[in-house]
Amino acid sequence: KSRETADPAAHPSPRPAATKHQDEATSKKKLCVKAAKEHSIPKDLSKVLENKVMEKVLDLSYVKLSVVEMTCSGDADSEGIVSKSVSSHSDLIPGVYEGGLKIWECTFDLLDYFSEAEIEFTNKTVLDLGCGAGLLGIAALRGKADRVHFQDYNSTVIDEITLPNVVANCINGGSRMGSGEDRKASKPPSKRPRKAEGSPDMLNKCRFFSGEWSQVSQLLLSSTKAFSKYDIILTSETIYNTDYYSALHDTLAQLLDKNGLVYLASKVHYFGVGGGIYLFKKFIEEKNVFRTSMVKTIDQGLQRCIMEIAFKDSC
C-alpha cells in the first residue's frame, strides 16, 4: 500500500451521527502532536553507516530499506515504526508513521526538475521538509547550498535513513547530481557497507529535525542558535492528507524568507487519503498569502505536478 493506494480502512471517517465520538477524536488528535527534536551528528561517522547497505540512484547513495527493516529494532526504533509498517503492510499510519522510510515517486520528478530548470542552490539556505531519505536536501548540498536542514515526522527516519544517506553522500564527494538518464543506467547497488572517510565539511552545513511541522517551526524560531529563514524549501508528496494543509501552509509562511521559493512535488490525487495538488492550490489561494505556479506536469501514469510557491508581495 502507498499514498496513492492507501487502505481507506487506515483512515476511518466518523459516521455523521457520531458527533460526540468525533469531538473526542478531534480532542485526542490535538493532544497527539509529536514534539520537535534536533538530532546531533555523531562524531564517529562510521557508526552512522554501521550495518547499512547502500544503493544508488541519480548518482546519489541511499540506504537499502529491506536491510533497515531486518536490522532496525529496540532503541534504534524507539517509535516502533519499522515493525508497525511491516506488520500492517502499510507505508502510511497517520499520526504514527508518515511514510518517511520509502522514497516516493515525486522525489525523482523534483530531482529531474532541478537539472532541467537549472535551479541554483549556491549560497542558499535550504529546508528539505518531510525529507524521508533526504535526497532533495542532498542534491541542494551538492549544488553548493550554504546550509541545508532536514525535517521528517519520525525520529527513526532521521536516525536510520536520512542521516546515513547524508553522511554517505557527503563523504563520497561529488559536486553534481545526475540526470534522469543516469537513473535508468545506474550501476548495480553496492553490497558493502561504506566506510566513513573524507572531509565532513558538507556535514557542517546540515541540521536534522524530527517532529510535527508546527513544533519544528516553533523550535527553530525560538532557538538560541542563530536562525535565518530559508531561501528555498523543498517538499515532495507531503500534501496527501488534507488534514495537514493548515499546518503545512503555516510552516511555509513562518519559515520561508520573504523572497524565498518553495518547490512542491505531488500527485494530482491521493486515493484513500483524499489530498492532491489542486486541492492544496485552492487552499493556498483561499489563504491569500502565497502565489503559485505549476512549473511542470508529468503525464506518465497517475498525473503528477511540480508547483512553485512564493509570497504574494515577493520580488
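A quick note: this is a predicted structure, and the numbers were derived from the prediction, not measured.

Chemist: Explain the environment of Ser222 residue by residue, including any values.
Modeler: With respect to the helices and strands, the residue Ser222 is situated in helix α9 (residues 213–222). From its side chain, Ser222 meets the backbone oxygen of Gln218 in a polar contact 2.6 Å long.

Chemist: If you had to explain unusual backbone geometry to someone new, which residues and values would you point to?
Modeler: The residue Glu237 is not glycine, and still its phi comes out positive at about 55°. With a phi angle near 60°, Asn288 is a residue other than glycine that sits in the positive phi range. The topology assignment puts Asn288 in the loop between α11 (277–287) and β9 (290–298).

Chemist: Outline the pattern of salt bridges, listing residues and values.
Modeler: For the coordinates displayed, the defined rule picks out 13 salt bridges. Linking Glu50 and Lys47 is a salt bridge whose minimum nitrogen-to-oxygen distance equals 4.0 Å. Here Asp109 ties to Arg304 by a salt bridge, and the two come within 2.5 Å at their closest N and O atoms. Taken together, the residues Asp109 in helix α5 (residues 105–116) and Arg304 in strand β10 (residues 304–311) connect sequence positions 195 residues apart. Exposure class is identical for Asp109 and Arg304. Each is buried. In this structure, a network of salt bridges that share partners links the residues Glu105, Asp109, Glu237, Lys267 and Arg304.

Chemist: Can you explain α9? Please cite residues and give values.
Modeler: Among the residues of α9, Trp213, Val216, Ser217 and Leu220 are the ones counted as buried. Within α9, the buried residues cover an arc of 100° as seen down the axis, which keeps them to one side. What points out from α9, more than 90 degrees from its buried face, is the exposed set Gln218 and Ser222. Close packing links the buried residues of α9 with β4 (125–129), β5 (147–152), β6 (206–210), β7 (230–236) and α10 (245–255).

Chemist: Describe the nonpolar core, with residues and values.
Modeler: Ranked by size, the top nonpolar core spans 54 residues in total, and within it Leu111, Phe114, Phe121, Leu135, Phe150, Val166 and Leu234 carry the most contacts. Ranked by residues supplied to this core, first place goes to helix α7 (residues 155–171) with nine residues.

Chemist: So what about the pairing of β10? Which residues, and what values?
Modeler: Buried residues dominate β10, accounting for seven of its eight residues. Sheet topology note: the strand β8 (residues 256–267)/β10 ladder contains six bridges and is antiparallel. Bridge assignment links Val262 to a residue of β10, and that residue is Ile309. As paired strands, β9 and β10 are joined by eight bridges and run antiparallel to one another. Bridge pairing in β10 places Lys296 opposite Ile306. Once β9 ends, the chain turns through five residues before running back antiparallel as β10, passing Gly301 with a positive phi of about 65°.

Chemist: Tell me about the sheet that holds β10, and name the residues and values.
Modeler: Across the sheet, which stays open at both edges, the eight strands sit in the order β1-β6-β5-β4-β7-β8-β10-β9 with mixed pairing between neighbours. Sheet topology places β1 (37–39) and β9 at the edges, where each strand pairs with a single neighbour. Taken over all neighbouring pairs, the strand axes of this sheet differ in orientation by 20° on average, direction set aside. Running at roughly 135° to β6, α9 makes contact with β1, β4, β5, β6 and β7 of the sheet. Contacts from α10 reach β4, β7, β8, β9 and β10 within the one sheet, and its direction differs from that of β8 by about 150°.

Chemist: Kindly report on the environment of Cys206, identifying the contributing residues and their values.
Modeler: Following the sequence through the fold, Cys206 ends up in strand β6. When the C-alpha positions of Cys206 and Val166 are compared, they lie 8.8 Å apart, and in sequence the two are 40 residues distant. Leave out the neighbours within four places in its chain, and Cys206 touches Ile41, Leu141, Val148, Phe150 and Val166.

Thresholds, definitions, all that
- The numbering scheme is per chain: residues are counted from 1 as the chain's sequence reads.
- For this predicted model, a pLDDT threshold of at least 70 governs which residues receive local features, and a threshold of 80 or more governs which side-chain atom pairs are given and counted, while totals over whole chains, interfaces and linings are taken from all residues.
- Excluding hydrogens and water, the side-chain figures rest on all heavy atoms present in the structure.
- Under the DSSP-based scheme used, a helix requires at least four consecutive residues in state H or I and a strand at least two consecutive residues in state E, with every element numbered from the N terminus.
- Polar contacts here mean pairs of N or O atoms no more than 3.5 Å apart (in protein, one a potential hydrogen donor and the other a potential acceptor; neighbouring residues in sequence count only if both atoms are side-chain atoms).
- Here, a salt bridge means any side-chain nitrogen of Lys or Arg that lies within 4 Å of a carboxyl oxygen of Asp or Glu.
- Residue exposure (1.4 Å probe, protein chains only): buried if accessible area is under 20% of the type maximum, exposed if over 50%, otherwise partly exposed.
- The reported arc concerns the directions from the helix axis to the C-beta atoms and nothing else.
- Contacts: residue pairs with any heavy atoms within 4.5 Å of one another.
- Only buried residues count toward a nonpolar core, which is a set of Ala, Val, Leu, Ile, Met, Phe, Trp, Tyr and Cys residues joined through side-chain atoms within 4.5 Å.
- When DSSP finds two or more bridges between a pair of strands, those strands are recorded as paired.
- Angles here are taken between N-to-C directions and fall from 0 to 180 degrees, while the axes themselves are lines fitted to C-alpha atoms, restricted in helices to the stretch in contact.

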